[in-house]
Amino acid sequence: MSSLAHIVPGLLYAIVALTCIYMARHYCFTLNRLFGFQRHPYLDIDTATWPSVTVIIPAHNEEQVIGHALAALLEVKYPAELLRILPVNDRSTDRTHEVIDDLVLRNPNRIFPFHRTEGKPGKAAALKEAMSLVKSEIVVLFDADYIPAPQLIQQLVTPYFDPEVGAVMGRVVPLNVGANLLTRLLDLERAAGYQVDQQARMNLKLVPQHGGTVGSVRMSALREVGGWNENTLTEDTDLTFRLLLNGWKTVYQNRAECYEEVPETWPVRIRQIKRWAWGHNQALLTHGLPVISRRGLSLRERVDGLLLLGVYAMSPITLIGWILALVAFYMGFTNLQGTLGLLAVASYAAVGNAAAFFEVAAASHLDESRNRIRLLSMNLLGFVVSIIAVSRATIGHLFSLIRTQELAWDKTERFRRAP
Amino acid sequence: VNATIAGLLLVLFTAGWLMLPLLPALREAHQKTDTQPLSIIPEDPFNPACLAERFAERLGEIQAQIQVCQRQGSSLAERFGSGEAYCIVGRPDELALRALQSSGRSADEVLILCRSGRLPAHMHFRSEVYAAEALIGGASSVFRAILADEDLELGAGTTVLRWVHSRSDLVVGRDCMLRGRATAHAILRLSSGTRFERLHARRVEFNFSDAAESWASAMETSGQGIGRESPKQRTVVRKDLSIPAGRFVEGDYVVYGDLRVGAGSHVRGSLKSHGDIYIEAGAIIEGSVVSARNLELGEGCEVRWPVISEGRVTIHTGCRIGTERHPTSVTAPEIVVAPGVVAFGTVWASREGYVA
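Okay, so let's go over this structure.

1. Regarding a nonpolar patch on the surface
All names here are of chain B.
Part 1: A contiguous nonpolar patch, built from Phe-13, Trp-17, Met-19, Leu-20, Leu-23 and Leu-26 and spanning about 640 Å² of accessible area, is present on the exposed surface.
Part 2: Those elements that provide at least two residues to the nonpolar patch are α1 (2-19) and α2 (23-30).
Part 3: Broken down by element, the residue count for the nonpolar patch peaks at 3 residues, all from α1.
Part 4: By secondary structure assignment, the location of Leu-20 is in the loop between α1 and α2.

What follows is the structure in structure tokens.
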């Protein structure tokens, strides 16, 4: 009993310390975006000898959306002779093959499809096979439900004039915002993630994350770090850290915007976030120690890299913290009393709990979208759902490590209808 | 009973208190007012002349009137469909322009000049000016924006507030202030003392003299072939790096400290430094040069790909950035350019550029 009285408060304080670190990170990012210097070093390159680019669109049963994505890509402002569009039809059982081939026929010498009929499932595996067809130095990646803006390719290419840049990430903007409450909440969440988090990381020279879509990668960098890792559920996070550890930078371009479709039902959203959590935690286990120990990383990159890797692990840790707090309170273990205790709890309740919401509000302000901010308090709902889903995914991941279970790819369901 | 009512009231009050922050959310969820996706198609960032093109589109609305005035040499004062006033001057002779000058040295309406002419000095044009032929601006004038279909010359001490575009050559006099975009289809020539933000032309000349011209012409022959598609070997140096004078180096270099390239060196690859970069006189860089801090190009240097700095770029006499066949960009918060420099493409100082 007495050892429990030491362990529980000890663990609890450790969790509180971790939570406070993440809270400080939220505030640091938000204040930087609101008042700090904004770094866009590659934004003003409007004239150059542009390199040839291959755009890869992995598509598994995407008959509803692939046509839109390809049509938008055919309209982008990039020299047509330098742009090779490569849809990767990954073992689709619907009309994806026909939709692609129809567009190929109507646009000769613009689209070069790769129909994959066998092999390991999953986006990373499909990308890995498609790489053998790439002849250009720059590869741009899109998901099949994405609709790029006309200038997007150029914006995703300009940073490669910097020989240190290995990958570039653009901003994802939800298209189906008005579908229901969930899509509206996800719109706010995405805005915070890109408009605040990613751009602040860029400003502060931290570790902007490659999202695996609306992004590009330098082939020589990709080859140097061993190509796509097909044994992960989040090949994007994995790539970000392998590039970082090998001296390449990932750059975020906030103005390189692209529409996406966000999940319209909670079960789909939960499956999506569980996949992200699983893959992200895999990356934590794989790259956590190298981020601490590898030579060549700056201190700020190490700290931000670790915090980025640990984002999804924080959900179960927070849940454990809540349970420990209850245990400590009812068992009388805690010595957090008096004025200091009251001040600590009150100030965290006032400031700490609001940190993530402050980010959302700042993103809304920066986007000049005035009214959607009214939904801010409803994000609490999304937060609760996420914390449970991510915790379940993390626990599932831990069990899978014990049972050496094979990872299962779960494709996000689309809601848009084919024209 | 009182206790029950009091209890109920307490519960209701507490529930109401907790619901208070949710009221705006409930209202927005019920009465949707902001459900459109964010707009992601801004003005074309890769077209430096897009503002001038947009103005030209507006002029399309009154093209017929412009043609009539041009043919007859007459003048016309009217309004656009939006209500904005314009004035077409069919023959901008001295008399018509003196009348403009006597109207208080300022013109509020969009001014459309059908024939070549010279504008009076010390004028303030609060709306756009369009010249269908060549135009010479008077000294110390202030323009909101100017579009010229032929050569355009801005007098000394001119201020342009938004943009200036010539569909031929643009010559900028001494000590001008070019806020926003200054673009020309062919040659953009700037004189000393001029401050600028965004410049774009096939060829941008900074305080160019005949001597620099002949020197630059000689250099033109050396600007050949860039092996863009062949990935080069990349070397990461975790301290300062100095490439000795006269060396030939192939490959990309990423330097964590300062970088110095010796005089007359030839680098076939791109250079990046987390610190300052100093490229000594006569060096040739067949690639881009990127500095996280300040960047200085010594006399007669040549850089083929973009020059990017997060601090100040100083370009000394006789430097060439890009080539006629391969135009490129120079971007930095501050750019200082010495006389006799030629850049092909864009020179963009996000804070301020200055021609020494």
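2. A word on helix α8 (residues 235-245) of chain A
Residue and element names in this part refer to chain A.
Part 1: With 11 of 11 residues buried, α8 lies mostly within the body of the structure.
Part 2: Along α8, the residues that are buried comprise Glu-235, Asp-236, Thr-237, Asp-238, Leu-239, Thr-240, Phe-241, Arg-242, Leu-243, Leu-244 and Leu-245.
Part 3: Gly-247 sits one or two positions beyond α8 and adopts a positive phi of about 85°.

3. Examining the environment of Val8(A)
Part 1: Along the chain, Val8(A) falls in helix α1 (residues 2-35).
Part 2: Through-space distance from the C-alpha of Val8(A) to that of Ala71(A) is 58 Å; in sequence the pair is 63 residues apart.

4. Overview of the packing of aromatic side chains
Part 1: For the coordinates displayed, the defined rule picks out 11 aromatic pairs over all chains.
Part 2: Measuring from centroid to centroid gives 6.0 Å for Phe13(B) and Trp17(B), while their planes differ by 20°, and the two rings are stacked. Highlighted residues: Phe13(B) and Trp17(B), both in helix α1, separated by 4 residues, approximately one helical turn.
Part 3: Trp17(B) sits in the exposed class, given a relative accessible area of 57%.
Part 4: Summarising the aromatic geometry, the rings of Phe55(B) and Trp163(B) are spaced 5.7 Å apart at their centres and angled 55° between planes, so their arrangement reads as tilted. You can see Phe55(B) sitting in helix α3 (residues 50-59) and its partner Trp163(B) sitting in strand β10 (residues 159-166), a full 108 residues away along the chain. Note on accessibility: Phe55(B) and Trp163(B) belong to one class, buried.
Part 5: Each residue in the set Trp50(A), Tyr78(A), Phe161(A) and Trp305(B) is aromatic and connected to the rest through ring pairs, giving one cluster.
Part 6: Over the ring of Phe112(A) we find Arg84(A); its NZ or CZ atom is 4.3 Å from the centre of that ring.
Part 7: For Arg234(B), the ring lying beneath its charged end belongs to Trp248(A), and the centroid distance is 3.4 Å.

5. A few points about empty space enclosed by the protein
One simple way to see leftover space: roll a probe sized like a water molecule over the atoms.
All names here are of chain A.
Part 1: Applying the stated rule across the entire model yields 6 cavities of 30 Å³ or more.
Part 2: As a volume, the largest cavity reaches approximately 70 Å³.
Part 3: The wall of the largest cavity is formed by Leu-182, Leu-185, Leu-186, Glu-189, Trp-266, Arg-269, Ile-273, Asn-379, Gly-382, Val-385 and Ser-386.
Part 4: When residues of the lining of the largest cavity are traced back to their parent elements, those giving at least two are α6 (181-203), α9 (266-293) and α14 (379-403).
Part 5: A class-by-class count of the residues in the lining of the largest cavity yields 6 nonpolar, 3 polar and 2 charged.

Rules behind the numbers
- Residues numbered from 1 in each chain as written.
- Chains lettered and ligands numbered in written order.
- Predicted model: local features only at pLDDT ≥ 70, side-chain atom pairs only at ≥ 80, totals over all residues.
- Heavy atoms only, no water.
- Patch = residues over 30% accessible without salt bridge, like charges linked within 9 Å, V, L, I, M, F, W, Y side chains within 5 Å.
- Areas by Shrake-Rupley, 256 points an atom, 1.4 Å probe, with all protein chains shown as cover.
- Salt bridge = Lys/Arg side-chain N within 4 Å of Asp/Glu carboxyl O.
- Helix = DSSP H or I, 4+ residues; strand = E, 2+ residues; numbered from the N terminus.
- Buried < 20%, exposed > 50% of the residue type's maximum accessible area, 1.4 Å probe, protein only.
- Phe/Tyr/Trp six-rings, centres within 6.5 Å; stacked < 30°, edge-to-face > 60°.
- Lys NZ or Arg CZ within 6 Å of the ring centre and 35° of its normal.
- 1 Å grid on protein atoms, 1.4 Å probe; cavity = no way out; pocket = protein on both sides within 12 Å on 5 of 7 lines; lining within 4 Å.
- Points joined across faces, edges and corners; volume = space filled by probe spheres on them.
- Nonpolar A, V, L, I, M, F, W, Y, C, P; charged D, E, K, R; others polar.

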